[in-house]
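Listed below are the residues making up each chain.
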Amino acid sequence: MDWHCHVDLYPDPRGIVKECVARDLLVLSVTNAPSAWAGTSSLGRDARCITTALGLHPQLAHQRHRELRLFEELVTEVNWVGEVGLDGSPEFLPHWDHQMKVFEGVLRRCTDVGGRAMSLHSRQAATKVLDILQVYPKAGTPILHWFSGSLKDLKRADALGCWFSVGPIMLRGARGRLLVGNMPRERVVVESDGPFAQINGSPLMPWESWRAVDDIARVWNTPVEETRERIRLNLSRLIESTG
Ligand code: MN
């Protein structure tokens, strides 16, 4: 599986889809803007293993906030929302107001339509993302992608029932490993976040998200096969619960 991937942003998206189908890989193909929805969802239309999510990325909120209306319209057609959230890094902090307007708009609308599963960005904004999630408890199932908050935030996220999607790069640092070690094991799946996530200058491919499993097994001190099976079952449960 690769439960957070920007399939549409690889140089050859159709080739990526073909390869994912050949490998029978379950993929959550996230979008960064509602205007990209038509193109990105058409990529996965004939591939049962590809689920396309409707998103409005926080790093684009200041440029694309007018697309919130399109999001509100299209969200009735989807079970999955992403990539959405907040980004508190210095580069995007100046656009905080737009980010908040978009994120709250997304959660409000998800609540109105009965809840959606959501792949969430929370870079340097974990506390705030959790604060807002608490205001919209019926917005759906949150999946924190590439979570990098504090242990305290992690405990809070766990208590709120959040899921986590973890990628190979996250496991490279001691901090990431500490976080993964403290995640609820029944709510962890794996992701690549390709093509943004790169190792040695090459983008991670969707099928490389499995590299994370070896490291997760080490951190959890469980056999690799057992860890892989657990993560597989986690995703089945997640998908089942979202219909
Ligand atoms: Mn992403």
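Higher on the page you've got the structure.
No experiment lies behind these values; they were computed from the predicted model shown. (Residues numbered from 1 in each chain as written. Predicted model: local features only at pLDDT ≥ 70, side-chain atom pairs only at ≥ 80, totals over all residues. Heavy atoms only, no water.)

Asks: Would you take a moment to explain the overall build of the protein for this structure?
Replies: What the protein contains, in helices and strands, is ten helices and ten strands. Computed over C-alpha atoms, the radius of gyration of the protein comes to 17 Å, within 12% of the 18 Å expected from 2.2 N^0.38 for 243 residues, which places it in the range of a compact globule. With respect to the principal axes defined by its C-alpha atoms, the protein has extents near 45 × 40 × 35 Å. Within the protein, the proportion of its 243 residues that are buried is 54%. A sequence separation of at least 24 residues applies to 68% of the contacts in the protein between residues at least 6 apart. Accessible area for the protein stands at about 10900 Å²; split by element, carbon and sulfur atoms hold 49% of it. Distance from the positive charge centre (29 side chains) to the negative charge centre (29 side chains) of the protein: 3 Å. (Helix = DSSP H or I, 4+ residues; strand = E, 2+ residues; numbered from the N terminus. Rg over C-alpha atoms; globule rule 2.2 N^0.38 Å. Buried < 20%, exposed > 50% of the residue type's maximum accessible area, 1.4 Å probe, protein only. Contact = heavy atoms within 4.5 Å. Areas by Shrake-Rupley, 256 points an atom, 1.4 Å probe, with all protein chains shown as cover. Lys, Arg positive; Asp, Glu negative; His and termini not counted. Charge placed at Lys NZ, Arg CZ, Asp CG, Glu CD.)

Asks: I would appreciate a short explanation of the coordination of the manganese ion in the present structure.
Replies: For a metal bound by four donors in tetrahedral geometry, the ideal donor-metal-donor angle is 109.5 degrees, whereas six donors in octahedral geometry ideally sit at 90 or 180 degrees. All of the protein donors around the manganese ion are H4 (NE2), H6 (NE2), E83 (OE) and D193 (OD); their distances to the metal are 2.3 Å. Each donor residue of the manganese ion lies on one chain, and together they are spaced H-x1-H-x76-E-x109-D. Remark: D193 occurs in the loop between β8 (188-190) and β9 (198-199) and H4 occurs in strand β1 (residues 2-5); sequence separation between them is 189 residues. The same class applies to H4 as to D193, namely buried. (Donors = N, O, S within 2.8 Å, 3.2 Å for Na, K, Ca; no water.)

Asks: Would you take a moment to explain the environment of H65 for this structure?
Replies: Among the structural elements, H65 can be located in the loop between α3 (61-64) and α4 (68-74). Its relative accessible area of 13% is what places H65 among the buried residues. With 36 residues separating them along the chain, H65 and K101 place their C-alpha atoms 8.0 Å apart.

Asks: Where do I start with the sheet that holds β8 in this structure?
Replies: Backbone-to-backbone hydrogen bonds pair the strands of a sheet. The strands run either parallel or antiparallel. Read from one edge of the open sheet, five strands run β4-β5-β6-β7-β8, paired in parallel fashion. Both outer strands of the open sheet, β4 (80-85) and β8, are each paired with one neighbouring strand and no more. Strand-to-strand twist across the sheet, computed as the mean angle between neighbouring axes with direction ignored, equals 30°. Pairing between strand β7 (residues 163-166) and β8: three bridges, direction parallel. Counterpart to F164 in the pairing with β8 is V188. On the sheet, helix α5 (residues 96-112) packs against β4 and β5 (116-121) and is oriented at approximately 155° with respect to β4. Its contacts with the sheet place helix α9 (residues 211-220) against β7 and β8, and it is angled at close to 150° to β8. (Pairing = 2+ DSSP bridges. Axes fitted to C-alpha atoms, helices over the stretch in contact; angles between N-to-C directions.)

Asks: When you look at the side chain of D153 in this model, what are you seeing that I'm missing?
Replies: Turning to its location among the elements, D153 is positioned in helix α7 (residues 151-159). Despite its burial, D153 pairs with no opposite charge, the nearest such side chain being R156 at 4.5 Å. Other than its neighbours up to four places away in sequence, D153 contacts A126, T127, L130 and F147. (Salt bridge = Lys/Arg side-chain N within 4 Å of Asp/Glu carboxyl O.)

Asks: Can you walk me through α7 in this structure?
Replies: In an α-helix, one full turn covers 3.6 residues, which means residues spaced three or four apart are oriented alike. Within the sequence span of α7, burial applies to D153, L154 and A157. Within α7, the buried residues cover an arc of 100° as seen down the axis, which keeps them to one side. Facing away from the buried surface of α7 by more than 90 degrees, the exposed residues are K152, K155 and A159. The first or second residue beyond α7 is G161, which carries a positive phi of 85°. (Arc of directions from axis to C-beta.)

Asks: Where do I start with the sheet that holds strand β2 (residues 27-29) in this structure?
Replies: In spatial order, the strands read β1-β2-β3; together these three strands make up an open sheet with parallel pairing. Taken across any chain shown, the strands that pair with only one partner, and hence form the sheet edges, are β1 and β3 (50-52). For this sheet, the mean inter-axis angle between neighbouring strands, taken without regard to orientation, is 25°. Both β1 and β2 contribute to a ladder of two bridges, which runs parallel. Following the sheet pairing, D2 is matched in β2 by V27.

Asks: Is there a simple way to explain the nonpolar core in this structure?
Replies: In summary, soluble globular proteins display a tendency toward joint burial of nonpolar side chains. V81, L144, F164, M183 and I216 are the most contacted members of the largest nonpolar core, which has 72 residues in total. Looking at this core, the element that brings in the most residues is α5, giving six residues. Here M183 is in contact with F147, L154, F164, V166, M170 and V188, once residues within four sequence places are set aside. (Core = buried A, V, L, I, M, F, W, Y, C linked by side-chain atoms within 4.5 Å.)

Everything listed here is a matter of coordinates, which is why it stays silent on function.
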